[in-house]
Amino acid sequence: MSRWKALPAELDPRVRQLLVRLRRLKDHSGLSMRQLAARTGYSPKSWERYLGGRSLPPREAVEALARIGGDDPTRLLALHEVAAEAWGNPRGGTDVPEKAVGETAVPEPEIVPAGRGGGGIRSLRVALLAGAVALVLAVSSAVLVTMRLTDHGGGRAEQTTTTVTLTAGVSAPSYTCRVKQVDGRWYAGNSRTHNATVGYGDSGPAVAEVQCLLRRAGISPGGIDGMFGPLTQGAVKAFQRQARLDVDGVVGPHTWKALRG
């Protein structure tokens, strides 16, 4: 079993709870970092950052580790959702610098059972979910809007169909990361552009593509929601520094080239 380094003291307890669970799953799997990377598609350095508490692991990585370790992905993803909210809160104390923090191994805290603090959050989420379901059932109809988005990047036209459900005036496009390498370049299934300029305040599939590729590079942009907000901008700047590009927080041809490898 691995002898883990201490997690950063700045971590929010909700993030710490998730990472303790992930560390146990990794130990239970018996896989090395390199083997874990081969099984999940995330690099060994990315897993070291995730399990060391220096970057929030993406949802897809958490789900992959849950399946490898034989755990219930649903329960682990619920912990990830709570941890993501804590990570994105600038007052939550979870914005941990990239430096290594503390090399002394100490025992990790136990995961808090539902009846000793975690139950309040979980019960609240269940209540909110039940209310949302009731609201959807009360709405007489949902409007499904099919948007055909054409992306002319790279000299090729791509036609994508995105379904948007409008319920009680709220539009919620759904994006996923299906990262694969084609002809030496990485694509996540949302956009194939190579030269579109994407910056703060933009939204759509090109932004979701940026977010997925940032996660593949081991830098978390927050959620994959297609919205270029402060978290995504910060992640882009971090990637540009890492790739030795001009750090302006805007994704142009040079940043696309680096993201796609």
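Residues numbered from 1 in each chain as written. Predicted model: local features only at pLDDT ≥ 70, side-chain atom pairs only at ≥ 80, totals over all residues. Heavy atoms only, no water.

J.: Which parts of the structure should I look at to understand helix α5 (residues 73–88)?
T.: Between the first and last C-alpha of α5 there are 22 Å, a value that for 16 residues agrees with the 22 Å anticipated at 1.5 Å per step. Along α5, the residues that are buried comprise P73, L76, L77, L79, H80, V82, A83, A86 and W87. If you check the start of α5, you find a side-chain oxygen 3.1 Å away from the backbone N of T74, and it comes from D72. (Helix = DSSP H or I, 4+ residues; strand = E, 2+ residues; numbered from the N terminus. Expected span 1.5 Å × (residues − 1). Buried < 20%, exposed > 50% of the residue type's maximum accessible area, 1.4 Å probe, protein only. Polar contact = N/O pair within 3.5 Å; in protein donor to acceptor, adjacent residues only side chain to side chain.)

J.: How should I be thinking about the packing of aromatic side chains in this particular structure?
T.: Each aromatic ring pair is specified by the distance between its two centres and by the angle formed by the two planes. Counted according to the given criterion, the structure contains three aromatic pairs. Ring centres of Y42 and Y50 lie 6.2 Å apart, and the angle between their planes is 70 degrees; on these two criteria the pair is classed as edge-to-face. Summarising the aromatic geometry, the rings of W47 and Y50 are spaced 5.6 Å apart at their centres and angled 80 degrees between planes, so their arrangement reads as edge-to-face. Of the two residues, W47 and Y50 are both situated in helix α3 (residues 44–51); the distance of three residues between them amounts to about one turn of the helix. For the pair W47 and Y50, a shared accessibility class is recorded, and that class is buried. Taken together, Y42, W47 and Y50 form an aromatic cluster joined through their ring pairs. (Phe/Tyr/Trp six-rings, centres within 6.5 Å; stacked < 30°, edge-to-face > 60°.)

J.: Just to check I follow, could you spell out the packing of helix α7 (residues 205–216) against helix α9 (residues 253–260) for this structure?
T.: A pair of packed helices is captured by two measures, namely the crossing angle of their axes and the spacing between those axes. Axis separation between α7 and α9 bottoms out at 9 Å; the angle between their running directions is 50 degrees. One way to sum up the angle between α7 and α9 is to call them oblique. Of the two possible hands of crossing, α7 and α9 adopt the one that is left-handed. On α9, the residues that touch A206, E209, V210, L213, L214 and R216 of α7 are W256, L259 and R260. Considering only residue class, the contact of α7 with α9 consists of six nonpolar, no polar and three charged. (Axes fitted to C-alpha atoms, helices over the stretch in contact; angles between N-to-C directions. Parallel < 35°, antiparallel > 145°, perpendicular 65-115°, else oblique. Left-handed = near helix turned anticlockwise from the far one by under 90°. Contact = heavy atoms within 4.5 Å. Nonpolar A, V, L, I, M, F, W, Y, C, P; charged D, E, K, R; others polar.)

J.: Would you explain the packing of α7 against helix α8 (residues 230–242) in this entry?
T.: Two elements in contact, α7 and α8, have axes separated by 11 Å at closest approach and are oriented at 50 degrees. Here α7 is positioned oblique relative to α8, judged by the angle of their axes. With respect to the hand of their crossing, α7 and α8 are arranged in left-handed fashion. Every residue of α8 that contacts α7 at V210, Q211 and L214 is listed here: T232, A235, V236 and F239.

J.: Explain the side chain of S46 to me, please; I cannot follow it from the model alone.
T.: Relative to the helices and strands, S46 resides in helix α3. Residue S46 is classed as buried on the basis of its relative accessible area of 2%. Within polar-contact distance, the side chain of S46 engages the side chain of S43 at 2.8 Å. Filtering out sequence-adjacent residues up to four positions away, S46 remains in contact with R216, A217 and G218.

J.: Help me understand the pattern of salt bridges, please; the structure alone is not making it clear to me.
T.: In a structure, side chains of opposite charge can pair up when their charged atoms sit close to one another. Per the stated rule, a full pass over the model turns up five salt bridges. E60 is the salt-bridge partner of R215, the closest N and O atoms lying 3.0 Å from each other. Here E60 lies in helix α4 (residues 59–68) and R215 lies in helix α7, a separation of 155 residues in the sequence. Owing to a relative accessible area of 7%, R215 belongs among the buried residues under this scheme. (Salt bridge = Lys/Arg side-chain N within 4 Å of Asp/Glu carboxyl O.)

J.: Hey, could you run me through unusual backbone geometry in this one?
T.: Glycine aside, residues mostly have negative phi, and peptide bonds are mostly found in the trans state. In this structure, D183 takes a positive phi of about 55 degrees despite not being glycine. Positive phi, normally seen in glycine, also occurs at R244, with a value near 60 degrees. Position of R244 relative to the elements: it lies in the loop between α8 and α9.

J.: Quick question: what am I supposed to make of the nonpolar core here?
T.: Where a protein is soluble and globular, its nonpolar side chains tend to be buried together. Among the nonpolar cores identified, the biggest contains 27 residues, and V15, L18, L22, W47 and L76 are the most heavily contacted of them. Among the secondary structure elements, those contributing two or more residues to this core are α1 (13–29), α2 (33–40), α3, α4 and α5. When residues no more than four places from it in sequence are discounted, the contact partners of W47 are M33, L36, A37, T40, Y42, G52, A61 and L65. If you look at the next biggest cluster of nonpolar residues, it comprises 14 residues, including V207, L214, V236 and V251. (Core = buried A, V, L, I, M, F, W, Y, C linked by side-chain atoms within 4.5 Å.)

J.: Could you clarify how one ought to interpret α3 in this entry?
T.: Note on helix geometry: an α-helix contains 3.6 residues per turn, so any two residues three or four positions apart are oriented the same way. Looking only at α3, the buried set comprises S46, W47, R49, Y50 and L51. Tucked inside the fold, the buried residues of α3 contact α1, α2, α4 and α7. Count one or two residues on from α3 and you reach G53, which has phi positive near 80 degrees.

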